[in-house]
Amino acid sequence: MDANAWMDKALHEAQISLKRGEVPVGCLFIYKNEIIATGSNTVNETKNATRHAELNCIDDVLVYCQENNLNSKEVFTKIDVVVTVEPCIMCAAALHQLRINSIIYGCANDRFGGCKSVFEVSKVYDSKINVVGNVKGVEAMQLLKDFYKGTNPNAPETKKGRKKKLDNN
Amino acid sequence: MDPEPPAAKMTRDLVESKKHEFTWKPQPILSKEITGDVILEKSFVAVLKDKKLISRAIQSLAKCLPIPQHLKRCSGLRIYLAPINKFQGDSHKLKTFLAEKDFDVDSIEDDLEIVNNASVAPRTKSQAAQALEHWPVNFHPDIDLEELIGGSIFEQEQLASIEACMRLAMAAAKEAAVGSAECNGSALIVDPESGSVLAIAASSMDKHPMWHASMLAVDLVAKSQGGGAWSLTTSDRSRDAREGTCKRKHPDDGQALCYPHSLAKLLDIPRSCSLNLAKTNRKKEKRSSPSDKTGPYLCTGYWAVLLREPCPLCSMALLHSRVSRIFYGAANSVTGILGSKAALHSVPGLNHRYQVWSSVLEDECARSLEQCRTIHC
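Counting of residues starts from 1 at the beginning of each chain's written sequence and follows it residue by residue. All chains are assigned letters beginning at A, and all ligands numbers beginning at 1, according to the order in which they are written. In keeping with the predicted nature of the model, local features appear solely for residues at pLDDT of at least 70, side-chain atom pairs appear and are counted solely at 80 or more, and the whole-chain, interface and lining totals rest on all residues. Hydrogen atoms and water are omitted, and side-chain values are computed over all heavy atoms in the structure.

An unreviewed UniProt entry lists chain B under the name CMP/dCMP-type deaminase domain-containing protein, with Trichogramma kaykai given as the organism. UniProt positions are given in the numbering used here, feature names are shortened, and annotations may be inferred rather than shown by experiment. UniProt lists a comment for chain B under the heading Sequence similarities (unreviewed entry), and it reads "Belongs to the cytidine and deoxycytidylate deaminase family. ADAT3 subfamily."

As annotated in an unreviewed UniProt entry, chain A carries the name CMP/dCMP-type deaminase domain-containing protein and is attributed to Trichogramma kaykai.

Structure (structure tokens):
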């Protein structure tokens, strides 16, 4: 499968998370041309702001490796990550620490992007990851716009107002 | 009755002692925009022939050459026009422009002057003073920022409480931390309003590559709010229950959640000895903790106390979680981005910021860190 076809699957995952009231980001971890983990944001569900799609996928890969008796450290180095939005600084750091093979992302992340937009995480780490951006970026961005049109249903009242204000700017 | 856990006793003694001598001073990690010299640029100014012409000149210039908010238009008879770059350094061009905009060029002397002025608004008293040597500025000092720079931001009791937290973090790291060269140590999340420790975690990267101390601590706080992603507490999984991982002893008594469970013996700080993290003089400090009406939201308003400067993963996890302050002991020259390799909290564009202090019991923290187990990740 090519990058566009993978991205369609990741976008589908993002759409599902939009319906659950999460920031719509979808992610796939591909190992030997096979999807071994699929994830989306679960920040509201877990009340944990770090539960981004990529971190959920990392947990799934660890389970996959345990079930298939594989060395997770080695598996991670062969994984290609396909994600609808540029990984944030935290997720980019996680992917660097795991020394994954490559990142393909959809739209840039102007708020938190850790590949190029806000802070270049690669400068901190020795590992070099091949990064390709703007694969179906328009579609990925549209999903984010759809989300931010509404307000975050899980934020407390005081934050909702602020968020709305911010997004109108 | 069980003997009192050593860290708990130490913590209480420290918080209660009034005459503690501090061997350390928290160092604020500030951006270059705050610590650096004011940035100057060259601008053209005109000299008015008569002070009666000032108000008309100001009105006329407001339309054609608006002035940045931080600069004053006039200094005596001199009146600010524009950065020289805007007119390629050519005063003749500027005068032609003024004439075209119906500015009364006869009201000013023939020769324009060039002055240095602050190119952006000064942030600190020291920058404002530098700017003033060249051209007057509008400046209102930020009292909190000045206290931060001057080091007078914390009261003695607050420092004692921060030290107590760091001693707990050291004990936790020595007890259980397993990390990598990139990130290791322990993390506490505390609520400065109530003075309670909410979560305490030691790196457990032998169990999971993402189980850095801050990542665990953030998930423990989520757990205490009815969320959480990882199986870190006894109620999560029967296997963990057998291992006796972690759980609050009494769900309602505000005891900290901890991971791994072996840290529980360090806790048990009696309720009567809550930490004095908030200022006594409350007027001075803005309330940034979650409001009572809405309940806690992530780690909003909480403080993080870390043995070592966090890696990008942990730094950003704490930023996403909206902690308001971070204190760390030892610097992290490998991947630290709150002072060593970068200052994440001063990167433009991020929508939440925390304040950061380094050097809390730095030498002792560095020695504790040497005792932590390191694995190759």
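## Observations regarding the packing of aromatic side chains
In this analysis, rings of Phe, Tyr and Trp, with Trp reduced to its six-membered ring, are considered paired at centre separations within 6.5 Å, and the interplanar angle assigns stacked below 30 degrees, edge-to-face beyond 60, and tilted for intermediate values. Tallied over the entire structure, the rule returns ten aromatic pairs over all chains. With centroids separated by 5.0 Å and ring planes inclined at 10°, the aromatic side chains of Phe327 of chain B and Trp357 of chain B adopt a geometry described as stacked. Taken together, the positions of Phe327 of chain B in strand β11 (residues 325–330) and Trp357 of chain B in strand β12 (residues 355–358) put the pair 30 residues apart, joining distant regions of the chain. For the pair Phe327 of chain B and Trp357 of chain B, one class covers both residues: buried. Through successive ring pairs, a cluster of aromatic residues spans Phe154, Trp303, Phe327 and Trp357 of chain B. The criterion for a charge sitting over a ring is simple: Lys NZ or Arg CZ within 6 Å of the ring centre, and within 35 degrees of the ring normal. Sitting above the plane of the Tyr148 of chain A ring, Arg111 of chain A keeps its charged end 4.6 Å from the centroid. Here a strand is any run of E in DSSP of at least two residues, a helix any run of H or I of at least four, and the numbering for each starts at the N terminus. Each residue's exposure class comes from its accessible area (1.4 Å probe, protein chains only) as a fraction of the maximum for that residue type: buried when under 20%, exposed when over 50%, partly exposed otherwise.

## Things to note about the side chain of Gln97 of chain A
Mapping Gln97 of chain A onto the fold places it in helix α5 (residues 89–97). In what follows, a contact means two residues having at least one pair of non-hydrogen atoms within 4.5 Å. Apart from residues lying up to four places away in sequence, Gln97 of chain A is in contact with Tyr125 of chain A together with Glu182, His212, Cys311 and Leu313 of chain B.

## Some points on the pairing of strand β2 (residues 34–40) of chain A
Residues and elements named next belong to chain A. DSSP bridges decide pairing: two strands pair if at least two such bridges lie between them. Sheet analysis places strand β1 (residues 26–31) next to β2, joined by six bridges and oriented antiparallel. Note on β2: the bridge partner recorded for Leu28 is Thr38. Connecting the antiparallel pair β1 and β2 is a turn made up of two residues, with Lys32 showing a positive phi of about 50°.

## Some thoughts on the packing of helix α3 (residues 53–67) of chain A against α5 of chain A
Residue and element names in this part refer to chain A. Every axis in this analysis is a line fitted to C-alpha atoms, fitted for helices over the stretch in contact. Angles between the N-to-C directions lie between 0 and 180 degrees. Between α3 and α5, whose axes approach to 9 Å, the crossing angle comes to 30°. Classified by the angle between their axes, α3 and α5 sit roughly parallel to one another. The residues of α5 that touch α3, namely those facing Glu54, Leu55 and Ile58, are Met90, Cys91 and Ala94. Counted by class, the contact of α3 with α5 contains five nonpolar, no polar and one charged residues. Throughout this description, any angle smaller than 35 degrees is read as roughly parallel, any larger than 145 degrees as roughly antiparallel, any in the 65 to 115 degree range as roughly perpendicular, and the remainder as oblique. Under the scheme applied, nonpolar residues are Ala, Val, Leu, Ile, Met, Phe, Trp, Tyr, Cys and Pro; charged residues are Asp, Glu, Lys and Arg; polar residues are all the others, including Gly.

## Remarks on the side chain of Glu22 of chain A
All names here are of chain A. Residue placement: Glu22 occurs in the loop between α1 (3–19) and β1. In this count, Lys and Arg are taken as positive residues and Asp and Glu as negative ones, while His and the chain termini are left out. Throughout this description, the term salt bridge denotes a Lys or Arg side-chain nitrogen within 4 Å of a carboxyl oxygen of Asp or Glu. One buried charged residue, Glu22, remains without a salt bridge, the closest side chain of opposite sign being Arg20 at 5.0 Å. Here Glu45 takes part through its backbone nitrogen, which lies 3.0 Å from a polar atom of the side chain of Glu22. When residues no more than four places from it in sequence are discounted, the contact partners of Glu22 are Ser17, Asn41, Thr42, Val43, Asn44, Glu45 and Phe147. Here a polar contact means two N or O atoms within 3.5 Å. Within protein one must be a hydrogen donor candidate and the other an acceptor candidate, and residues neighboring in sequence count only if both atoms are side-chain atoms.

## Observations regarding a negative patch on the surface
A cluster of acidic residues, Asp106, Glu109, Asp110 and Asp111 of chain B, forms a negative patch at the surface. Residue Asp111 of chain B is classed as exposed on the basis of its relative accessible area of 62%. Patch definition: residues with relative accessible area over 30% and no salt bridge; like charges joined within 9 Å; nonpolar side chains (Val, Leu, Ile, Met, Phe, Trp, Tyr) joined within 5 Å. What sets the accessible areas is the Shrake-Rupley method with a 1.4 Å probe; for residues, cover comes only from the shown protein chains. To locate a charge, take atom NZ for lysine, CZ for arginine, CG for aspartate or CD for glutamate.

## Looking at the interface of chain A and chain B
The interface is formed by 34 residues belonging to chain A together with 41 residues belonging to chain B. With both sides pooled, the region where chain A packs onto chain B buries about 3000 Å², and carbon together with sulfur makes up 68% of that total. Of all residues in chain A, Lys47, Gln97 and Val124 of chain A bury the most surface against chain B, accounting for 18% of the area lost on that side. Summed over the shared surface of chain A and chain B, the number is one salt bridge. Throughout, the accessible surface (probe 1.4 Å) given up by two parts as they are put together, summed over both, is called the buried area.

## Regarding the pattern of salt bridges
Considering all chains together, one arrives at ten salt bridges over all chains under this definition. In this structure, Lys136 of chain A engages Asp8 of chain A in a salt bridge whose closest nitrogen and oxygen atoms are separated by 3.0 Å. Taken together, the residues span a long stretch of sequence, with Lys136 of chain A in the loop between β5 (130–132) and α6 (137–149) and Asp8 of chain A in helix α1 at a distance of 128 residues. For Lys136 of chain A, a relative accessible area of 23% puts it in the partly exposed group. With a closest N to O distance of 2.7 Å, Arg56 of chain B and Asp104 of chain B form a salt bridge. Linking Arg56 of chain B in helix α3 (residues 54–64) with Asp104 of chain B in the loop between α4 (91–100) and β5 (113–118), this pair joins segments that are 48 residues apart in sequence. Linked through salt bridges whose partners overlap, the residues forming this network are Glu163, Arg167 and Glu364 of chain B.

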